[in-house]
Amino acid sequence: MNQLRFTLKALALVIFAVSCASLAQAQATRTWVSGVGDDVNPCSRTAPCKTYAGAISKTAKDGEISTLDPGGFGTVTITKSITINGGGGGQGYGSILAALAPQGVLVNITDAADVRKTVRLDGLNINGASTGTNGIRMIAGNALFVENVLVDGFTTNGIIVDTTGNPQLHVRNTTIRNCGASGIDTNASGANSTSIDYTGVSITKCATGINARNGTRGSVRDSNIGLNSGTGVNLTGSATEVNIDGSLITGSSTGINVVANTRARIARCLISQNANALGLGGGFVDTGGNNTIMGNSTNQDPNGTLFNGK
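Residues numbered from 1 in each chain as written. Predicted model: local features only at pLDDT ≥ 70, side-chain atom pairs only at ≥ 80, totals over all residues. Heavy atoms only, no water.

Considering the packing of aromatic side chains
Considering all chains together, one arrives at 1 aromatic pair under this definition. Here Tyr52 and Phe73 contribute two aromatic rings whose centre-to-centre distance is 5.1 Å and whose plane-to-plane angle is 45°, an arrangement assigned as tilted. With a gap of 21 residues between them, Tyr52 in helix α2 (residues 52-56) and Phe73 in the loop between β3 (71-72) and β4 (76-78) connect regions that are remote in the sequence. Residues Tyr52 and Phe73 agree in their burial class; the two are buried. We note Arg45 situated over the ring of Trp32; from NZ or CZ to the ring centre the distance is 4.6 Å. (Phe/Tyr/Trp six-rings, centres within 6.5 Å; stacked < 30°, edge-to-face > 60°. Helix = DSSP H or I, 4+ residues; strand = E, 2+ residues; numbered from the N terminus. Buried < 20%, exposed > 50% of the residue type's maximum accessible area, 1.4 Å probe, protein only. Lys NZ or Arg CZ within 6 Å of the ring centre and 35° of its normal.)

Dropping the structure here:
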């Protein structure tokens, strides 16, 4: 009997080890999705999965999900560092239809063993169909990169970062439109702050274009913030500071709004065709002296420091 028990225990250990090895092998560094795939597949190039959610569990931490051809690949929750490539470079185009969904992409990385806690989204079309709540939402993680992405038709925000940490949000070559609240909203809680880096961003037909809150710090470059019903760029919360360079801010109720304890620094910007060029509610707008503020119903002058490159 003891010999039988020993044999059974040894067999159980072998089965457990084989299972762990199989699980490790199931998580590939690169996986694939296709419009004609199936989530029961291993997500290889020759046997791709159907959805991004189906591929997540089969993709290793710091790995990449690639899109073979155009298709609708479903909403996804991301809990580890990963890249989702929607098909830039001729592979295809990754669509996420998020009708009636709380978000198209949710980033929630809390694993202490995941050192990077970083997500990169590239070449995606995220459609809220006028009923989805948020396009991309990050509630935990260190860094989010959004590149070559279209976000359209959400009842609240295009992109929102509202975490308890000190995250970074990088947005490049991205279009955000038709959002009920903000195109991009950053709001770290408590004494934390969000670092932002936006280049080549177009935000139109939202209530607020960029809503930088609660200590948000960083830069907006070469961007178009136009035809938003409320404010183009809104700064609120203590110690919020945003640099705006080479950008167009037009067609809103207020072009740039700064409240107490916030500061915007503007250079080479055109602020035009707004009801108010600037909302000076206790904060400051510094200027490089090379901006064009004209054609607004009221053309307020910057009230902060005039700097000359020093």
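What to know about a nonpolar patch on the surface
A contiguous nonpolar surface patch, about 250 Å² in accessible area, is contributed by Leu248, Leu270 and Met294. Examined against the element boundaries, Leu270 turns out to sit in strand β21 (residues 270-272). Overall, Leu270 belongs to the partly exposed group, its relative accessible area being 35%. (Patch = residues over 30% accessible without salt bridge, like charges linked within 9 Å, V, L, I, M, F, W, Y side chains within 5 Å. Areas by Shrake-Rupley, 256 points an atom, 1.4 Å probe, with all protein chains shown as cover. Salt bridge = Lys/Arg side-chain N within 4 Å of Asp/Glu carboxyl O.)

Concerning the pattern of salt bridges
Here the structure, examined in full by the defined rule, presents 14 salt bridges. Residue Arg137 is joined to Asp162 by a salt bridge in which the shortest nitrogen-to-oxygen separation is 2.9 Å. Of the two residues, Arg137 sits in strand β9 (residues 124-140) while Asp162 sits in the loop between β11 (150-161) and β12 (168-186), which places them 25 residues apart along the sequence. Residue Arg213 is joined to Asp185 by a salt bridge in which the shortest nitrogen-to-oxygen separation is 3.0 Å. Note that Arg213 is positioned in the loop between β13 (195-212) and β14 (217-221) and Asp185 in strand β12, a separation of 28 residues in sequence. Through salt bridges with shared partners, a single network forms among Arg217, Glu241, Arg263, Arg265 and Asp286.

Observations regarding the environment of Ile78
The residue Ile78 is located in strand β4 in this model. Separated by 41 residues in the primary sequence, Ile78 and Val119 have C-alpha atoms spaced 8.1 Å apart.

Concerning the environment of Gly180
Tracing the backbone shows Gly180 in strand β12. By relative accessible area, Gly180 is classed as partly exposed at 48%. Sequence separation between Gly180 and Ser130 is 50 residues; the distance between their C-alpha atoms is 8.9 Å. For Gly180, the contacting residues outside a window of four places in its chain are Phe154, Thr155, Thr156 and Ala207. (Contact = heavy atoms within 4.5 Å.)

Examining the state of the cysteines
Applying the stated criterion across every chain yields a total of 1 disulfide. Residue pairing for Cys43: its cysteine sulfur links by disulfide to Cys49, the two sulfurs lying 1.8 Å apart. On the sign convention where negative is left-handed, the bridge of Cys43 and Cys49, at about -75° about the S-S bond, is left-handed. Cys49 gets classed as buried once you look at its relative accessible area, which sits at 0%. Looking at Cys206, it has no disulfide partner, and the nearest cysteine sulfur is the one in Cys179, 4.0 Å off. (Disulfide = S-S within 2.5 Å.)

Some remarks on unusual backbone geometry
A positive phi is found at Cys43, a non-glycine position, where the angle reads about 70°. With respect to the helices and strands, the residue Cys43 is situated in the loop between β1 (28-33) and α2.

Some thoughts on the pairing of strand β17 (residues 240-245)
Here β17 shows one buried face, formed by Thr240, Val242 and Ile244, and one open face, formed by Glu241, Asn243 and Asp245. Where β14 meets β17, 5 bridges bridge the pair, whose relative direction is parallel. Paired with Gly218 across the bridge in β17 is Val242. (Pairing = 2+ DSSP bridges.)

A word on the confidence of the model for the protein
In low-pLDDT regions, the fine details of the predicted coordinates are not to be read closely. For the protein, the mean per-residue pLDDT works out to 92, and 89% of the residues sit at or above 70. Confidence drops under a pLDDT of 50 for residues 14-25, and excluding neighbours within four residues, the segment shows 0 contacts in the predicted structure. (pLDDT = per-residue confidence, 0-100.)

Things to note about the pairing of strand β16 (residues 231-235)
In terms of burial, β16 is a largely internal element, 5 of the 5 residues being buried. The sheet contact formed by β13 and β16 spans 4 bridges and is parallel. From the neighbouring strand, Ile210 faces β16, where its bridge partner is Val233. Pairing between β16 and strand β19 (residues 254-259): 4 bridges, direction parallel. Looking at the pairing, Asn234 lines up with Asn257 of β19.

Let's talk about the side chain of Thr250
With respect to the helices and strands, the residue Thr250 is situated in strand β18 (residues 248-250). Under the relative-accessibility criterion, Thr250 is labelled buried at 13%. The residues contacting Thr250, other than those within four sequence positions of it, are Ile225, Gly226, Leu227, Ser272, Gln273 and Asn274.

Details of the side chain of Thr231
With respect to the element layout, Thr231 can be found in strand β16. Judged by its relative accessible area of 13%, Thr231 falls in the buried class. If near-sequence neighbours (up to four positions away) are discounted, Thr231 is found in contact with Ala207, Thr208, Gly209, Ser252, Thr254, Gly255 and Asn257.

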